[in-house]
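Descriptive structure summary
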Amino acid sequence: MDSVEKGAATTVSNPRGRPSRGRPPKLQRNSRGGPGRSVEKPPHLAALILARGGSKGIPLKNIKHLAGVPLIGWVLRAALDSGVFQSVWVSTDHDEIENVAKQFGAQVHRRSSEVSKDSSTSLDAIVEFLSYHNEVDIVGNIQATSPCLHPTDLQKVAEMIREEGYDSVFSVVRRHQFRWSEIQKGVREVTEPLNLNPAKRPRRQDWDGELYENGSFYFAKRHLIEMGYLQGGKMAYYEMRAEHSVDIDVDIDWPIAEQRVLRYGYFGKEKFKEIKLLVCSIDGCLTNGHIYVSGDQKEIISYDVKDAIGISLLKKSGIEVRLISERACSKQTLSSLKLDCKMEVNVPDKLAVVDEWRKEMGLCWKEVAYLGNEVSDEECLKKVGLSAVPADACSTAQKAVGYICKCNGGRGALREFAEHIFLLMEKVVNSCQK
């Protein structure tokens, strides 16, 4: 369970001598159009993700794909699905980041060059955002580099701000690490323990550990931010679960974060159902889309053995695999691959065929997965429970899916998607056992 301990209320002076912004309650009108009694509007809570394009550690880190999703997409999904924000914003100076933010349903604030420098602070960017948005009363500054954030965390923090009267709340994680004093080079000193007695080293289970900021989010009311603070007033921390506390700073963090996200990340409101059918587009997914023609006009295609193994593993786990193409492929050529899969070619309407297969097997759409790569796959990708595209899929298909493979079509994408399905199905089994 998440634990929350309220910080003691403190007072922060206003160094600039400016009064706090107060807003009088607005007069509401009754159903007949006449004036009604005065009703105070709830404070406007805005989520704000800062994502400039000039990351030094990892270029364009905020939209690099992590576990098949742009990094910023993980926190945007959690923020939007939490339902506690009147608005969700991304502050950026980069066109590509803007496009991804809008794709996930966020609004975009184009920040100025003055607050997009290497030397610019988060507070600088937040203050600028507020100067353009007088309607915002509370800012939930969420770090794009915290992909294991869950909506429940944000819901509990919003309640602390709105219902319990805290002016600022920030995220922490509990760590069991022993600290020692640092010795400067060339100084003849001995290190000293800072938080333990070496003669009585406690076992992990006998020690509560210590709380550290994990940088996942900082919520603060407007008047604090305008005074130059992200933490102040009546403060509290919110303790996140250790497995949800993931931060990405440099390249070495990436593979570790990817595994953590696949196991502990938030994948959306809909609970996963067990996949019973995987439909794979032939051209550009099972194959690389290249077609070779022999001297006697016979069609020759190639595929990756890894993908054939992926199909075999899917079938052994009880998942039916079927192939589809809008092109009039040679069934004889495809059958020579010995994949033992039902297939339909020369299909003008892929969604209709997949729907027919679904009904034939008595499945709901949540039990169907689809791997596609073209505009003709878009409707299927949007309809099914799990969808994916190869890394080299067209942009239209990429925008319609929940998972973008690292591998190209015909180069292991199908096997990769199979592994992703197995991992998610493991989540389904574990949730059923709880």
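Since this is a predicted model, take the numbers as computed values, not measurements.

Thresholds applied
Residues numbered from 1 in each chain as written. Predicted model: local features only at pLDDT ≥ 70, side-chain atom pairs only at ≥ 80, totals over all residues. Heavy atoms only, no water. Helix = DSSP H or I, 4+ residues; strand = E, 2+ residues; numbered from the N terminus. Contact = heavy atoms within 4.5 Å. Expected span 1.5 Å × (residues − 1). Buried < 20%, exposed > 50% of the residue type's maximum accessible area, 1.4 Å probe, protein only. Arc of directions from axis to C-beta. Salt bridge = Lys/Arg side-chain N within 4 Å of Asp/Glu carboxyl O. Pairing = 2+ DSSP bridges. Axes fitted to C-alpha atoms, helices over the stretch in contact; angles between N-to-C directions. Core = buried A, V, L, I, M, F, W, Y, C linked by side-chain atoms within 4.5 Å. Phe/Tyr/Trp six-rings, centres within 6.5 Å; stacked < 30°, edge-to-face > 60°.

Broken down by element type, the protein chain carries 13 helices and 20 strands. Pairs at least 24 residues apart make up 67% of the contacts formed inside the protein chain by residues separated by at least 6 positions.

Here we come to helix H6 (residues 253–264). With 12 residues, H6 extends 16 Å from end C-alpha to end C-alpha; this agrees with the ideal 16 Å at 1.5 Å per step. Restricting attention to buried positions, one finds in H6 the residues Trp 254, Ala 257, Glu 258, Val 261 and Leu 262. Burial along H6 is one-sided: seen end-on, the buried residues are contained in an arc of 135°.

Taken as a whole and judged by the stated rule, the model has 23 salt bridges. A salt bridge links Lys 406 to Glu 258; the nearest nitrogen and oxygen atoms lie 2.7 Å apart. On the criterion of sequence distance, the pair formed by Lys 406 in the loop between strand E20 (403–404) and helix H13 (413–433) and Glu 258 in helix H6 is long-range, its members being 148 residues apart. The class of Glu 258 is buried, set by a relative accessible area of 8%. Note that Asp 355 and Arg 358 form a salt bridge whose closest N and O atoms lie 2.7 Å from each other. In this pair, Asp 355 and Arg 358 are both assigned in helix H10 (residues 350–360), 3 residues apart and thus about one turn of the helix distant. The two residues Asp 355 and Arg 358 agree in class, both being buried.

Overall, parallel pairing links the 6 strands, which are arranged E17-E16-E13-E18-E19-E20 in an open sheet. Either end of the sheet is taken by a strand with one partner, and the two such strands are strand E17 (342–344) and E20. Here 3 bridges tie strand E16 (residues 320–324) to E17, and the two strands are oriented parallel to one another. Of the residues in E17, the one forming a bridge with Ile 324 is Glu 344. On the sheet, H10 packs against strand E13 (277–281), E16, E17 and strand E18 (368–371) and is oriented at approximately 155° with respect to E16.

Counting buried positions along strand E10 (residues 168–175) yields 6 of 8 residues, so the element is predominantly enclosed. Of the pairings in the sheet, the one linking E10 to strand E12 (residues 235–239) comprises 5 bridges and is parallel in character. Within the sheet, the bridge partner assigned to Ser 171 lies in E12 and is Tyr 238. Two strands pair when backbone bridges link them, and E10 and strand E11 (residues 210–221) are joined in this way by 7 bridges, in the antiparallel orientation. Considered in E11, the bridge of Val 172 is made with Glu 213.

Once that is clear, we can look at the side chain of Asp 304. For Asp 304, the location among the structural elements is in the loop between strand E15 (299–300) and helix H8 (305–316). With a relative accessible area of 15%, Asp 304 lands in the buried category. Beyond its immediate sequence surroundings of up to four residues, Asp 304 is in contact with Gly 410, Arg 411 and Gly 412.

Glancing now at the pairing of strand E9 (residues 138–142). In terms of burial, E9 is largely enclosed, as 5 of its 5 residues are buried. Of the two faces of E9, the one holding Ile 138, Gly 140 and Ile 142 and the one holding Val 139 and Asn 141 are both buried throughout. As paired elements, strand E4 (residues 45–50) and E9 share 5 bridges and run parallel to each other. The partner of Leu 45 across the bridge, within E9, is Ile 138. Direction of pairing for E9 relative to E11: antiparallel, over a ladder of 5 bridges. By the bridge assignment for E11, Val 139 is matched with Ala 220.

Our focus in this paragraph is helix H1 (residues 71–82). Burial analysis of H1 places 10 of its 12 residues in the buried class, the great majority of the element. Of all the residues in H1, the buried ones are Leu 71, Ile 72, Gly 73, Trp 74, Val 75, Leu 76, Arg 77, Ala 78, Ala 79 and Ser 82. Positive phi appears at Gly 83, one or two residues downstream of H1, with a value of about 75°.

Now for unusual backbone geometry. It is generally the case that most residues other than glycine have a negative phi and that most peptide bonds are trans. Positive phi, close to 55°, is recorded for Asn 346, a residue that is not glycine. Mapped onto the fold, Asn 346 is located in the loop between E17 and H10. We classify Asn 346 as exposed; its relative accessible area is 52%.

If you look at the biggest cluster of nonpolar residues, it comprises 45 residues, and the most contacted ones within it are Leu 66, Leu 278, Leu 323, Leu 386, Phe 417 and Ile 421. Ranked by the residues each element gives to this core, the list is headed by H13, at 8 residues. In contact with Leu 323, other than residues within four places in its own chain, are Cys 280, Ile 282, Leu 286, Leu 339, Cys 341, Lys 342, Met 343, Glu 344 and Trp 357. Counting 36 residues, the second largest nonpolar core, distinct from the first, contains Leu 45, Ala 47, Val 100 and Met 160.

This structure, assessed with the given rule, holds 6 aromatic pairs. Ring geometry for Trp 74 versus Phe 267: centroids 5.2 Å apart, planes at 90°, classification edge-to-face. Of this pair, Trp 74 sits in helix H1 while Phe 267 sits in the loop between H6 and E13, placing them 193 residues apart in sequence. Note on Phe 217 and Tyr 238: the rings are 6.1 Å apart at their centroids and 40° apart in plane angle, and the pair reads as tilted.

Assignment of secondary structure puts Leu 230 in the loop between helix H5 (222–226) and E12. Separated by 89 residues in the primary sequence, Leu 230 and Asn 141 have C-alpha atoms spaced 9.1 Å apart. Sequence-distant contacts of Leu 230, that is, excluding residues within four places in its chain, are made with Leu 123, Ile 126, Ser 168, Phe 219, Ala 220 and Ile 225.

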